[in-house]
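Residues per chain are reported as follows:
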Amino acid sequence: MEIIICDDRRMKRMSVALVVAGLLSVTIPGGAVHAVPASEPLGSVVKAIKKQFAKKSSVRFSVRRRGGPPPSEDLKISGAYRFNASGMYAADLTVISRERAATGRSREITIGRDYYSQSYVRSDKGKYIWKSPPKLGEWTAGQNLAGVVWGKDLVNGINPGFLELVASYGATSADGETFEGVKTTLHSGTVTVTKLMERQAGISFDIEEEGVHGGQITWKLWAGPDNLPRRFQAIMKFTWPEGGDAETMTMNIIYRDWGTPVKITAPPKRLLSDDW
């Protein structure tokens, strides 16, 4: 069973509340995505990323996301990931969304299967329209929420599962621009998937199961001399099974400070709230 936490801030918190109330044990997403050998030189990028996993390293990142099918919102996300041998183990991020005459803001921490969050929507006049938990400074908590767990099915430039998939469909490599003082190699390509959807951890895909949306992903990845990603762009066309105009989402991610120590800790227990 898959729990999807929508990006609409109020819908999302209602969904989480239902999950925490009685559905804490769920199947972690990503099982239907099959890894295939990555072609060179993109395989060198995958190898470099997996080396960071093995070292239990970390990276800081920032995301800008625009467009997509309703109820998607334009988002700015910033934060950090910590890794273990399997991939992303912990995350601490801040999400800012622009809503009608208001701004939404959330802080979200994931450590293993534990998830903590605090969110609010505030009008342009300074009034709080919505808060979760209702008391500022407190945190909600949950476990085993499939929507927030990193999986092999995420469209992300540091996800080996995605890179191995796109490499199997053919990727080109060329000299890239100098990005933040680092000379890069630009890898790029296009892949069509049968399922595209939004969940708390990001945009996920599938190549077997069909969803409300499928579509084409046109991607670019800039990697440094050490083969670690510095920048990633994905332009995703969300198509409808019955046809019609596709909804386009553009996502840009910047990765910085590979290997710089990052401390991600759970909120103090005294600040945890049962009130969503």
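See the structure printed just above.
Only a predicted model underlies this, so the values are computations on that prediction, with no experimental measurement involved.

A. A look at the packing of aromatic side chains. Across all of its chains, the model carries eight aromatic pairs by this definition. Seen in terms of ring centroids, Tyr81 and Trp150 are 5.2 Å apart; in terms of plane orientation they differ by 75 degrees. Their pairing is edge-to-face. Linking Tyr81 in strand β2 (residues 75–84) with Trp150 in the loop between β7 (140–143) and α3 (160–168), this pair joins segments that are 69 residues apart in sequence. By the burial criterion, Tyr81 is buried, and Trp150 matches it. Where Phe162 meets Phe205, the ring centres are 5.8 Å apart and the plane angle is 70 degrees; that geometry is what we call edge-to-face. A residue pair is termed long-range when its members are at least 10 positions apart, and Phe162 in helix α3 and Phe205 in strand β11 (residues 202–206) qualify at 43 residues. Looking at Phe162, the relative accessible area reads 0%, which means it is buried. Overall, Phe205 belongs to the buried group, its relative accessible area being 2%. Taken together through their ring pairs, the aromatic side chains of Phe53, Phe83, Tyr255 and Trp258 make up a single cluster. The cationic tip of Lys131 hangs over the ring face of Tyr128; the distance from NZ or CZ to the ring centre is 5.3 Å. Positioned above the aromatic ring of Trp222 is the side chain of Arg231, whose terminal nitrogen or guanidinium carbon lies 4.3 Å from the ring centre.

B. A look at unusual backbone geometry. Put simply, Ser132 and Pro133 share a cis peptide bond, and its omega is -5 degrees. Within the secondary structure, Pro133 sits in the loop between β6 (128–132) and β7. The phi dihedral of Ala101 is positive, around 55 degrees, even though this residue is not glycine. Inspection of the secondary structure puts Ala101 in the loop between β3 (87–99) and β4 (102–111). Ala101 sits in the partly exposed class, given a relative accessible area of 47%. One non-glycine residue, Asn227, lies in the positive phi region at around 70 degrees. By the element assignment, Asn227 lies in the loop between β12 (214–223) and β13 (229–239). Look at Asn227 and you get partly exposed, because its relative accessible area is 28%.

C. Summary view of the environment of Ala246. With respect to the element layout, Ala246 can be found in the loop between β13 and β14 (247–256). In this structure, the C-alpha to C-alpha distance between Ala246 and Met236, residues 10 residues apart in sequence, is 9.4 Å. Excluding residues that lie within four positions of it along the chain, Ala246 makes contacts with Lys237, Phe238 and Thr239.

D. Main features of α3. Taking burial as the measure, the nine residues of α3 include eight buried ones, the bulk of the element. Along α3, the residues that are buried comprise Pro160, Gly161, Phe162, Leu163, Glu164, Leu165, Val166 and Ala167. Where α3 begins, one side-chain oxygen reaches toward the backbone nitrogen of Gly161, 3.1 Å away; that side chain belongs to Asn159. Among the residues trailing α3, Gly170 stands out with phi positive, at a value near 100 degrees.

E. Main features of the pairing of strand β10 (residues 195–199). Most of β10 is tucked away: five of the five residues are buried. What you see with β10 is no split at all: Lys195, Met197 and Arg199 on one side and Leu196 and Glu198 on the other are buried throughout. In this sheet, β11 lies alongside β10 in antiparallel orientation, the contact comprising five bridges. When the sheet's bridge partners are listed, Glu198 is paired in β11 with Ile203. Here β10 hands over to β11 after two residues, the two strands then running antiparallel side by side.

How each quantity is defined
Residues numbered from 1 in each chain as written. Predicted model: local features only at pLDDT ≥ 70, side-chain atom pairs only at ≥ 80, totals over all residues. Heavy atoms only, no water. Phe/Tyr/Trp six-rings, centres within 6.5 Å; stacked < 30°, edge-to-face > 60°. Helix = DSSP H or I, 4+ residues; strand = E, 2+ residues; numbered from the N terminus. Buried < 20%, exposed > 50% of the residue type's maximum accessible area, 1.4 Å probe, protein only. Lys NZ or Arg CZ within 6 Å of the ring centre and 35° of its normal. Contact = heavy atoms within 4.5 Å. Polar contact = N/O pair within 3.5 Å; in protein donor to acceptor, adjacent residues only side chain to side chain. Pairing = 2+ DSSP bridges.

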